[in-house]
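Letter by letter, the chains look like this.
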Amino acid sequence: MRKLKEKEVKIIQYLMLVVLFGVAFVLPAYGVRVQMKESAGLNAQGNTGAQMQDNAGTQGSMRMQGTGENAGMGGKGKAGEGSGADAAGKGTIVIDAGHGGFDSGMVGGSGITEKVLNLVYAKKLEALLTEAGYRVVQTRDTEEGLYDADESHKKAQDMQRRCAVIEQEQPLLAVSIHQNSYPQDASVCGPQVFYYEHSAEGEQLAKCIQTCMNEQLEIARPRVQKGNASYYILKRSASTTVIVECGFLTNPAEEAKLQEEVYQDKLVKAVCDGVLQYLNDADSQVGK
Ligand SMILES: [Zn+2]
């Protein structure tokens, strides 16, 4: 009898364990399932409008949270893509490498052509301005001009297309890169910036670039930025545009210097600094 009791106690203990396990794990799960079924049923019946709205509300807000997060991620993603485009957020700058194709521009005593040098400088400037956070558009990034092969007025078409790029891009500003010449006097040298003489903005931009070049290149006889009313790209440009004449190919010493990478980098850095200074000044004036 006593043994039986002990067995019974053990069985009861076992049963209690099973029941406890059921209460602890199985019932809650079952209960949730039941609840889910119920609310699904209610929703399906549409009898509990409030609950459906609640559910809808919860789902909605959850979805919105999700979307919000996604949007956040998307936003971050996009910003990431364009740290680049962050860049584009700062605005577009057009760089115009002068000449190209059949039009070599000036040819130095060493045989170096202006069209080749201009492109070298333009690409270096593009790299710096891109690094500074701007979107850069080149009017040409090959040695070809912007004209059609069968065009009879190639130079005119080439110039019109350069201006069309500026018109289309509506950049913050445009910088046209050239090399100067003065065959009458080989001693003439030094970089110089030209602006459209009726453009106060152009003059300001030219002044910033000229000052930076004169200082950073340690020009012995510094030139001053100069207004001009006849250069096509200055006259017809839809945006603030300057021409940077990097130096004189008619001066043998300067011609050699213009082909040295160290000097090219220095000059382009000065042009970039001038551009950035102009843009910063413009920004702070807008802020006032
Ligand atoms: Zn030129």
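Residues numbered from 1 in each chain as written. Predicted model: local features only at pLDDT ≥ 70, side-chain atom pairs only at ≥ 80, totals over all residues. Heavy atoms only, no water.

*Asks:* Teacher, can you tell me more about the overall build of the protein here?
*Replies:* Within the protein one finds nine helices and six strands. A total of 288 residues make up the protein; the buried ones form 37% of that total. (Helix = DSSP H or I, 4+ residues; strand = E, 2+ residues; numbered from the N terminus. Buried < 20%, exposed > 50% of the residue type's maximum accessible area, 1.4 Å probe, protein only.)

*Asks:* It is not clear to me how the sheet that holds strand β1 (residues 92–97) should be interpreted in this structure. Could you clarify?
*Replies:* Adjacent strands of a sheet pair through backbone hydrogen bonds, lying either parallel or antiparallel. Read across the sheet, six strands follow the order β2-β1-β3-β6-β4-β5 without closing on themselves; strand pairing throughout is mixed. The open sheet has two free edges, formed respectively by β2 (135–138) and β5 (226–228), since each of these has just one partner strand. Averaged over all pairs of adjacent strands, the angle between their axes in this sheet comes to 25°, without regard to strand direction. As defined by bridge partners, β1 adjoins strand β3 (residues 173–180) across five bridges and the pair is classed as parallel. Note on β3: the bridge partner recorded for Ala 97 is Ile 177. In the packing of helix α4 (residues 114–131) onto the sheet, the strands contacted are β1, β2, β3 and β6 (241–248), and the crossing angle to β3 comes to about 145°. Packing against the sheet, helix α5 (residues 154–169) makes contact with β1, β2, β3 and β6, and its axis sits at approximately 175° to β1. (Pairing = 2+ DSSP bridges. Axes fitted to C-alpha atoms, helices over the stretch in contact; angles between N-to-C directions. Contact = heavy atoms within 4.5 Å.)

*Asks:* Just checking my understanding: could you explain the coordination of the zinc ion for this structure?
*Replies:* Each pair of donors in an ideal four-coordinate tetrahedral metal site encloses 109.5 degrees, whereas pairs in an ideal six-coordinate octahedral site enclose 90 or 180 degrees. Bound to the zinc ion on the protein side are His 99 (NE2), Glu 114 (OE) and His 178 (ND1), at distances that span 2.1 to 2.2 Å. All donor residues of the zinc ion come from one chain, and their arrangement in sequence is H-x14-E-x63-H. Residue His 99 is found in the loop between β1 and α4, and its partner Glu 114 is found in helix α4; the two are separated by 15 residues along the sequence. Considered together, His 99 and Glu 114 belong to a single accessibility category, that of buried residues. (Donors = N, O, S within 2.8 Å, 3.2 Å for Na, K, Ca; no water.)

*Asks:* Help me out: how do you make sense of the pairing of β2 in this one?
*Replies:* Each regular strand carries side chains that alternate between the two faces of the sheet. Two elements, β1 and β2, share four bridges in a ladder whose sense is parallel. Each bridged residue has a counterpart across the sheet, and for Val 94 the counterpart in β2 is Val 137. Chirality of the crossover, the property in question, places the unit of β1, α4 and β2 among those that are right-handed. (Right-handed = clockwise from strand over helix to strand, strands pointing away.)

*Asks:* What should I look at first to understand unusual backbone geometry in this one?
*Replies:* It is generally the case that most residues other than glycine have a negative phi and that most peptide bonds are trans. Even without a glycine there, the phi angle at His 99 is positive, about 65°. His 99 gets classed as buried once you look at its relative accessible area, which sits at 14%. Despite not being glycine, Gln 170 has its phi angle at roughly 45°, a positive value. Mapped onto the fold, Gln 170 is located in the loop between α5 and β3.

*Asks:* Would you take a moment to explain the pattern of salt bridges for this structure?
*Replies:* A side chain of one charge can pair with a side chain of the opposite charge if their charged atoms are brought near each other. Tallied over the entire structure, the rule returns eight salt bridges. Of the charged contacts, one joins Asp 265 and Lys 124 as a salt bridge, the two residues approaching to 2.8 Å between their closest N and O atoms. Note that Asp 265 is positioned in helix α9 (residues 261–287) and Lys 124 in helix α4, a separation of 141 residues in sequence. Across the salt bridge formed by Arg 135 and Glu 169, the nearest N and O atoms sit 3.0 Å from each other. You can see Arg 135 sitting in strand β2 and its partner Glu 169 sitting in helix α5, a full 34 residues away along the chain. Judged by its relative accessible area of 21%, Glu 169 falls in the partly exposed class. (Salt bridge = Lys/Arg side-chain N within 4 Å of Asp/Glu carboxyl O.)

*Asks:* Can you walk me through the nonpolar core in this structure?
*Replies:* Soluble, globular proteins show a tendency: their nonpolar side chains are buried together. Tyr 121, Leu 125, Val 175, Ile 209, Met 213, Val 271 and Val 275 are the most contacted members of the largest nonpolar core, which has 40 residues in total. Only β1, α4, β3, β4 (192–196), α6 (200–216), β6 and α9 provide two or more residues apiece to this core. Ranked by residues supplied to this core, first place goes to α9 with nine residues. Of all hydrophobic cores here, the second largest spans eleven residues; its members include Val 137, Met 159, Leu 234 and Ile 243. (Core = buried A, V, L, I, M, F, W, Y, C linked by side-chain atoms within 4.5 Å.)

*Asks:* Even after reading the chapter, I still don't get α5, so can you show me in this structure?
*Replies:* Because the α-helix completes a turn every 3.6 residues, residues three or four places apart line up on one side. Look at α5: 22 Å from first C-alpha to last across 16 residues, which is about the 22 Å you get at 1.5 Å a residue. Listed in full, the buried residues belonging to α5 are Gln 157, Asp 158, Met 159, Arg 162, Cys 163, Val 165 and Ile 166. Remark: Gln 170 follows α5 within two positions and exhibits a positive phi of approximately 45°. (Expected span 1.5 Å × (residues − 1).)

*Asks:* Please clarify how the state of the cysteines should be interpreted in this entry.
*Replies:* What is meant by a disulfide is a covalent connection between two cysteines, made through their sulfur atoms. Taken as a whole and judged by the stated rule, the model has zero disulfides. Cys 272 takes part in no disulfide bond, and the closest cysteine sulfur, belonging to Cys 212, lies 9.3 Å away. (Disulfide = S-S within 2.5 Å.)

*Asks:* It is not clear to me how the side chain of Asn 180 should be interpreted in this structure. Could you clarify?
*Replies:* For Asn 180, the location among the structural elements is in strand β3. Judged by its relative accessible area of 14%, Asn 180 is buried. Setting aside anything within four residues of it in sequence, one finds Asn 180 in contact with Met 106, Phe 194, Glu 245, Gly 247, Phe 248, Leu 249 and Thr 250.

*Asks:* Would you take a moment to explain the pairing of β4 for this structure?
*Replies:* Within β4, four of the five residues are buried, which leaves the element mostly enclosed by the surrounding structure. The sheet contact formed by β4 and β6 spans four bridges and is antiparallel. Across the sheet, Gln 192 pairs through a bridge with Glu 245, a residue of β6. Examined bridge by bridge, β4 and β5 share three bridges and lie parallel to one another. Residue pairing for β5: Phe 194 is matched across the bridge by Lys 226.

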